[in-house]
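Now for the letters of each chain:
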Amino acid sequence: MKKAWWKEAVVYQIYPRSFMDSNGDGIGDLKGITQRLDYLKELGIDVIWLSPVYQSPNDDNGYDISDYQAIMKEFGTMEDFDRMLAEAHERGIRIVMDLVVNHTSDEHAWFVESRKNLDNPRRDYYIWRKGKGDGQPPNNWGSCFSGSAWQYDGTTDMYYLHLFSPKQPDLNWDNEAVREEVFSMMDWWCRKGIDGFRMDVISMISKTPDMPDGKVGEGAIYGDFGPYCIHGPNVHRYLKEMNEKVLSRYDLMTVGETSGVTVEEALKYAGEDERELNMVFQFEHVDLGNRNGKWNRNPVPLAEFKQVMTKWQVFLKGKAWNSLFLENHDQPRSVSRFGNDSPHYRERSAKMLATCLHMMQGTPYIYQGEELGMTNYPFTDISQFRDIENLNAYRELVTESHAWDAEELIACFRYKSRDNARTPMQWDDTENAGFTEGTPWLAVNPNYKEINAKEQMKNPDSVFHYYRKLIALRRQYPVIVYGDYELLLPDDAAVYAYVRRLEGQSLLVLCNFTENEQAVEVPAGFSRADAKVLISNYGRESAEGLGTTLRAYEAAAVLVTD
């Protein structure tokens, strides 16, 4: 297997708006990130993935960009960015930027020109279509943020496509001029010294030209655009072009957000010899339980979770590289979703989840606060939310159609809302958790006095120090990074057990996903006297006894050498 620095790295995602506020306006900023780089150095991470910091009107918290080569005013200046980049590099930390090029803001100069008239040189930078007549849009597609995926524009009596908010018009990647503009901008950032790109919804950049109506699912109002906009006809040609003209010229880490991707499709995006991206984000494991839509409170069945994770581990072996994550800015807190966020079990289950994920083959991603075991927020009212996805869904499902009971939808939001991940970082037990001296843009989770970085850094048994150890182990043992993977106990509904193997070393990983004791049979050889417990969330020093019982949310990784 080919070795690479990004395969051996551990990535930490920062959501700048919620990380650290340096000037008291209630919004995190670049100077705040710079102030906290020593904390990240202490944690031991190698790479920061920075959610968008570009100029934006913030309809979708920075994922609607009005200028790719300017910094959002709330976050600071380009000088602040350059200093943050330099300070990170001084500490041996790389910076990966969030690249959002499926769409722009409707306030971007390109779109301002595009909507002026049919003959404008930038008209074809976006996707315009005539309506069907009678005030009907070109087709029945719904957007990801509720409502139609088409917005009527009276200036030219046409509709433009927006797979997300109406303020996020989709770029027309079939236009070579658009691709050249994007590649030029990417090259500008690379010359500035950044270390890679996380590419937002990159699998959506190529659309089927005829754009037929989509299938309307049960209970849905709009048609599904997926078959016509995801993994479209030219997506791989455009990414190969991007690689040739930009990516291959620098030593970068690249990861594509590719919703709906299969393992077979992932090989096209991230195959070792495909010359596109280093890896992709797949969402099969976090989408479990979503058969009838996102808004539910369904638990994730462990047997299905193991099946999905194992499929990706086994199928990509030697052919492509995995991205390992349970949390990001679009997901609820993992300890609330996959573990147990009650005070009695929160720390134990947070450590168990981290063990399960970080011992697999792939590059692990830690989302800010995950290393503290931060939890979902106890939302009770729609007024507490800021996420456009929740606000639009509530309006459509409760206020307008009365299809949902308000309390039930809020309960689903409390379990699955993206705002769970966006509450401010919990630094200490002072007011607003040390995030800001002002009024935070989104409320701080009230449990910050019990869950915060200052307290955990002092406590050697904390979730923070457990993550530090996991990160250090990856540097010490190549079997954790590059070893083969074999699932054990595939049908067990409570225990996730697997073995990693490389060059005469075997690593057994055991994780109890329940609060009940579980009997488990350890494979022969792992309980012998010279077996080494690399990490345990119960402080086990010996593998003796592992072959009988796993305690509530217990996790252990045991190494033997042939």
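Right above here is the structure, for reference.
## A closer look at the overall build of the protein chain
Part 1 of the argument: Looking only at helices and strands, one finds 19 helices and 20 strands in the protein chain.
Part 2 of the argument: Against the globule reference of 24 Å for 562 residues, the protein chain gives a C-alpha radius of gyration of 24 Å, in line with a compact fold.
Part 3 of the argument: Viewed in the frame of its principal axes, the protein chain has a C-alpha envelope of about 80 × 50 × 50 Å.
Part 4 of the argument: Expressed as a percentage of the 562 residues in the protein chain, the buried residues total 62%.
Part 5 of the argument: For the protein chain, restricting intrachain contacts to residue pairs at least 6 apart in sequence, the fraction spanning at least 24 positions comes to 71%.
Part 6 of the argument: Looking at the protein chain as shown, the accessible area adds up to about 21600 Å², and 46% of this sits on carbon and sulfur atoms.
Part 7 of the argument: The average position of the 62 basic charges and that of the 86 acidic charges among the side chains of the protein chain differ by 3 Å.

## A closer look at the layout of surface pockets
Part 1 of the argument: Looking at the second largest pocket, its volume works out to about 390 Å³.
Part 2 of the argument: As for the second largest pocket, its lining consists of 21 residues, of which Trp-6, Asn-243, Glu-272, Leu-277 and Asn-278 are closest to the centre.

## Examining the sheet that holds strand β8 (residues 158-161)
Part 1 of the argument: A sheet is described by the order of its strands in space; here three strands give the open sequence β6-β8-β7, paired in antiparallel fashion. Strands at the two margins of the open sheet, each flanked by one partner only, are β6 (128-129) and β7 (150-153).
Part 2 of the argument: One ladder, built from four bridges, connects β7 with β8; its direction is antiparallel. By the bridge assignment, Gln-151 is partnered in β8 with Tyr-160.

## Topic: the packing of aromatic side chains
To describe a pair of aromatic rings, one takes the distance between the centres and the angle between the planes.
Part 1 of the argument: On inspection of all chains with the given rule, the structure shows 36 aromatic pairs.
Part 2 of the argument: Aromatic side chains Trp-173 and Tyr-238 sit 6.2 Å apart centroid to centroid with 35° between the ring planes, which places their arrangement in the tilted category. Taken together, the positions of Trp-173 in the loop between β8 and α7 (176-192) and Tyr-238 in helix α9 (residues 235-245) put the pair 65 residues apart, joining distant regions of the chain.
Part 3 of the argument: Each member of the aromatic cluster is reached from another via a ring pair, and the members are Tyr-54, Tyr-68, Phe-81, Trp-110, Tyr-125, Trp-188 and Trp-189.
Part 4 of the argument: Above the ring of Trp-128, the side-chain terminus of Arg-123 is found at 3.8 Å from the ring centroid.
Part 5 of the argument: Above the ring of Phe-338, the side-chain terminus of Arg-337 is found at 5.4 Å from the ring centroid.

## Some remarks on unusual backbone geometry
Part 1 of the argument: Despite not being glycine, Ser-146 has its phi angle at roughly 75°, a positive value.
Part 2 of the argument: Position of Ser-146 among the secondary structure elements: in the loop between β6 and β7.
Part 3 of the argument: Given the relative accessible area of 21%, Ser-146 is considered partly exposed.
Part 4 of the argument: Non-glycine residue Met-211 carries a positive phi angle of around 50°.
Part 5 of the argument: Counting through the fold element by element, Met-211 comes out in the loop between β9 (196-199) and α8 (226-229).

## As for empty space enclosed by the protein
Part 1 of the argument: What the rule picks out here adds up to four cavities of 30 Å³ or more.
Part 2 of the argument: A volume near 80 Å³ is recorded for the largest cavity.
Part 3 of the argument: Among the secondary structure elements, those contributing two or more residues to the lining of the largest cavity are α11 (302-315) and β12 (323-324).
Part 4 of the argument: If one sorts the elements of the lining of the largest cavity by residue count, α11 sits on top with three residues.
Part 5 of the argument: Tallied by class, the residues present in the lining of the largest cavity amount to eight nonpolar, five polar and no charged.
Part 6 of the argument: What lines the second largest cavity is Leu-326, Glu-327, Ser-334, Val-335, Ala-350, Leu-353, Ala-354, Leu-357, His-358, Glu-370, Gly-373 and Tyr-467.

## Observations concerning the packing of α9 against helix α10 (residues 263-270)
Part 1 of the argument: Viewed as axis vectors pointing N to C, α9 and α10 meet at an angle of 30°, and their least axial separation amounts to 10 Å. Relative to α10, the element α9 is oriented roughly parallel. From α9, Val-235, His-236 and Leu-239 reach across to α10, where they touch Glu-265, Lys-268 and Tyr-269.
Part 2 of the argument: Residue classes in the contact of α9 with α10 are distributed as three nonpolar, one polar and two charged.

## What about the environment of Ile-27?
Part 1 of the argument: Within the fold, Ile-27 resides in the loop between α2 (16-19) and α3 (30-35).
Part 2 of the argument: Judged by its relative accessible area of 14%, Ile-27 is buried.
Part 3 of the argument: For Ile-27 and Thr-439, which are 412 residues apart along the polypeptide, the C-alpha to C-alpha distance reads 8.6 Å.

## A closer look at the pairing of strand β5 (residues 94-99)
Part 1 of the argument: Extensive coverage of β5 is indicated by the burial of five of its six residues.
Part 2 of the argument: Bridge count between strand β2 (residues 47-50) and β5: four bridges; the pairing is parallel. Within β5, the position partnered with Leu-50 by the bridge is Met-97.
Part 3 of the argument: As paired strands, β5 and β9 are joined by three bridges and run parallel to one another. Within the sheet, the bridge partner assigned to Leu-99 lies in β9 and is Met-199.

Rules of the game
- Residues numbered from 1 in each chain as written.
- Predicted model: local features only at pLDDT ≥ 70, side-chain atom pairs only at ≥ 80, totals over all residues.
- Heavy atoms only, no water.
- Helix = DSSP H or I, 4+ residues; strand = E, 2+ residues; numbered from the N terminus.
- Rg over C-alpha atoms; globule rule 2.2 N^0.38 Å.
- Buried < 20%, exposed > 50% of the residue type's maximum accessible area, 1.4 Å probe, protein only.
- Contact = heavy atoms within 4.5 Å.
- Areas by Shrake-Rupley, 256 points an atom, 1.4 Å probe, with all protein chains shown as cover.
- Lys, Arg positive; Asp, Glu negative; His and termini not counted.
- Charge placed at Lys NZ, Arg CZ, Asp CG, Glu CD.
- 1 Å grid on protein atoms, 1.4 Å probe; cavity = no way out; pocket = protein on both sides within 12 Å on 5 of 7 lines; lining within 4 Å.
- Points joined across faces, edges and corners; volume = space filled by probe spheres on them.
- Pairing = 2+ DSSP bridges.
- Phe/Tyr/Trp six-rings, centres within 6.5 Å; stacked < 30°, edge-to-face > 60°.
- Lys NZ or Arg CZ within 6 Å of the ring centre and 35° of its normal.
- Nonpolar A, V, L, I, M, F, W, Y, C, P; charged D, E, K, R; others polar.
- Axes fitted to C-alpha atoms, helices over the stretch in contact; angles between N-to-C directions.
- Parallel < 35°, antiparallel > 145°, perpendicular 65-115°, else oblique.

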